[in-house]
Amino acid sequence: MTNLVLVFAALNLLPLFVLVLSADYYTFLDGEQKNYDRNVTTTINPKCPTNECVNFTLVHVQQEGIADVLHHIWTMENVPTFFYARTELNTEMLIDWEKMLSGNYSQAISFNKEPQYFAAVLIFKFFMYNDLNDTGVIPETDNFDIVSYSTKKMSWELKSSNCSGNVSASVAFRLSSYDGVALDFSSNIEITLTAYGTRGRSPILPHLAFTENSTQVDFVFDHVETKESFTNARLAMELAAVVSEPDSRFTLNVSQSLDDEYTPGVFKLMEVHSALNQHWIQWRPVCYTSTQRDIGDSTGLYQTEIRNVSDDNILDNTLLEWLSLDLDTRFLLMKGFNVSFGVEGDGFYRASNYTAWTLVTGHGRPVGDQFSLMVILVMAIGLGLPAIVLILGGAAIALRNHRNSKDDLLLSD
C-alpha cells in the first residue's frame, strides 16, 4: 500500500518537474535572445527634396543587428505594400527621387548591396458582401451579393507617426478617398504598422507575439458606410504574399493551445509560412467590435485557402516594380487569401459598426505559444501541493505501520 502511494505521488510530481525544466529552458531562451536585439532607425521619405513629397509617403525602417540589417519599406501608394529585405551590414537604400517625383517609378529604389532575402505582404482588395445565410463565409467574387474595392483606387494619408526612439517604430495611415471621392469623416479605415527591435507581446489584444524581425499590422474599420441593399453586410479583405524563394509554396497551419492567458477565449493560432520557413504571417482568428478590445466585444473570422494570384498586371506601378532587384518581379509567384470578419449569429457589421483585427508578419521563425512564468508557477503549485500531501501522508502511514509492527513483535515476546 505504501509503495502504491509513493508511485502515485511520483506520477503527480512528474508534470511538476517538466514544468520546472520548461521554465528554465524558456528563461535560457530569453537570456539568449537578447543577443538578437536590433537597433531601430526610421525615416519617412528619406532624402526627399524639401516640400516635394507632401503627397507621397514612403517609410523606411532599418533594424540593425549584429550580423545583418532588415530594411522595411512601407507604403500605401497604389497598392499597400509592406516589404522587407535582409542585407549585409552597411547596406544603404537609395531612392532616385527625380524619377519618383516625375512619375517614372520603375526601379527607382535600390540597395548598394544585393539583398540576401526579401518578402512582402500586399493588400489588393477590400470587400463588402451581403451574408444572406449568416455563415460568415465570403461568397465567390462574381456573386451579385459582393462588392470589391481595389486598393489601386484608394488614397491614404499619414495620420500619425512615432519614430523617435531606437526600440520601435510605428506609423498610422487613414483612407482619405476612393476613386477620387473623399471619404466621409464619419467613416474611418486605418492601418497601423509597428516594428520592434526586440521580442515581446503587443500591449493590445490579441497580444500577438512579435520578434525583432517582424512587423505588426493593425486594421480598424470604424463606421464604414455599407450598401443600403445589404441588410446583412460583412467586411473582408484580400491579402497576398511574395518571397524571393525558388519554391513559392505557402502553407496555412492551425495550432491549438491549452492556454488562453494572452487572448481570453481564443485557443487557436493561424500561421502562413513559406516553403523554406523564412517568411511568415500570423494571427488569431478573432476580431474586436469596440475600441476596448474586450473578450465581450469580439467575434471570429474566416480565411480562405491559399491560392495563386494569377493577374499578370497586378504589380504594375507598385512598390515591387519600383525596386531594383536581381530578378524580374514579373516572374515572382504570388500567393493570396481572403479574410472575412464575423461569424454566424454575431449580428453582422451593423451590430457594432466597428471591426479591429491584428496580424504579425516577419522573417525567420515566429514566436510559438508557450506558458508564461506565472502560469507555470500556478500549475506547479496546483500539481505540487497534492503530491506533497500524498508523500507526507504516505510517509505517515509507513511510519505508523512500522511502529505497529514493532509493537506486535514486543507483544509476541
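Description of the structure in this document. Just so it is clear, the structure is predicted and the values come from calculations on it, not from any experiment.

1. A short note on the overall build of the protein chain
And step 1. A count of helices and strands for the protein chain gives four helices and 25 strands.
And step 2. Out of the 413 residues belonging to the protein chain, those deemed buried represent 46%.
And step 3. Contacts spanning at least 24 positions in sequence make up 67% of the contacts within the protein chain whose residues lie at least 6 apart.
And step 4. Looking at the protein chain as shown, the accessible area adds up to about 20900 Å², and 54% of this sits on carbon and sulfur atoms.

2. Considerations on the pattern of salt bridges
Pairing is possible between side chains that carry opposite charge, provided their charged atoms lie close to one another.
And step 1. Enumeration over the complete set of coordinates arrives at 11 salt bridges.
And step 2. Here D134 and R234 are joined by a salt bridge, their closest N and O atoms 2.8 Å apart. Highlighted residues: D134 in the loop between strand 7 (117–130) and strand 8 (146–150) and R234 in strand 16 (residues 233–243), separated in sequence by 100 residues.
And step 3. Judged by its relative accessible area of 1%, R234 is buried.
And step 4. Among the charged side chains, a network of salt bridges with common partners joins D131, D134, R234 and D346.

3. Some words on the state of the cysteines
And step 1. Scanning the model with the defined rule gives one disulfide in all.
And step 2. A sulfur-sulfur separation of 1.7 Å characterises the disulfide bridge that pairs C48 with C53. Given an S-S torsion of about 85 degrees, the disulfide between C48 and C53 has right-handed geometry.
And step 3. For C53, a relative accessible area of 11% corresponds to the buried category.

4. Topic: the pairing of strand 16
And step 1. Of all 11 residues in strand 16, 11 are buried; the element is thus mostly enclosed.
And step 2. Every second residue of strand 16 is oriented toward a common face, with A233, L235, M237, L239, A241 and V243 on one face and R234, A236, E238, A240 and V242 on the other, all of them buried.
And step 3. In terms of strand pairing, strand 7 meets strand 16 through 11 bridges, oriented antiparallel. Counterpart to A120 in the pairing with strand 16 is V242.
And step 4. Taken together, the six bridges between strand 16 and strand 24 (residues 335–341) define a ladder with antiparallel strand orientation. Residue E238 lies in a different strand from strand 24, and its bridge partner there is N338.

5. Let's talk about unusual backbone geometry
And step 1. A cis geometry characterises the amide bond from L205 onward to P206, with omega recorded as 10 degrees.
And step 2. The residue P206 is located in the loop between strand 13 (200–201) and strand 14 (209–210) in this model.
And step 3. Despite not being glycine, H223 has its phi angle at roughly 55 degrees, a positive value.
And step 4. Tracing the sequence through the fold places H223 in the loop between strand 15 (214–222) and strand 16.
And step 5. Notably, R293 is not glycine yet its phi reads approximately 50 degrees, a positive angle.

6. Some remarks on the packing of aromatic side chains
And step 1. The final tally for this structure, using the stated rule, is 14 aromatic pairs.
And step 2. Ring geometry for F56 and Y105: centres 6.4 Å apart, planes at 15 degrees, overall stacked. Remark: Y105 occurs in the loop between helix 2 (97–101) and strand 6 (109–111) and F56 occurs in the loop between strand 1 (39–44) and strand 2 (58–64); sequence separation between them is 49 residues. Summarising the burial analysis for this pair, F56 and Y105 share the class buried.
And step 3. Here the aromatic rings of Y105 and W322 are separated by 4.8 Å at their centres, their planes lie at 20 degrees, and the arrangement is stacked. In this pair, Y105 is assigned in the loop between helix 2 and strand 6 and W322 in helix 3 (residues 319–322), connecting sequence segments 217 residues apart.
And step 4. Owing to a relative accessible area of 0%, W322 belongs among the buried residues under this scheme.
And step 5. Three or more aromatic residues link up through ring pairs in this structure, and these residues are F126, F219, F221, W283, F337, F341 and W357.

Rules behind the numbers
Residues numbered from 1 in each chain as written. Predicted model: local features only at pLDDT ≥ 70, side-chain atom pairs only at ≥ 80, totals over all residues. Heavy atoms only, no water. Helix = DSSP H or I, 4+ residues; strand = E, 2+ residues; numbered from the N terminus. Buried < 20%, exposed > 50% of the residue type's maximum accessible area, 1.4 Å probe, protein only. Contact = heavy atoms within 4.5 Å. Areas by Shrake-Rupley, 256 points an atom, 1.4 Å probe, with all protein chains shown as cover. Salt bridge = Lys/Arg side-chain N within 4 Å of Asp/Glu carboxyl O. Disulfide = S-S within 2.5 Å. Pairing = 2+ DSSP bridges. Phe/Tyr/Trp six-rings, centres within 6.5 Å; stacked < 30°, edge-to-face > 60°.

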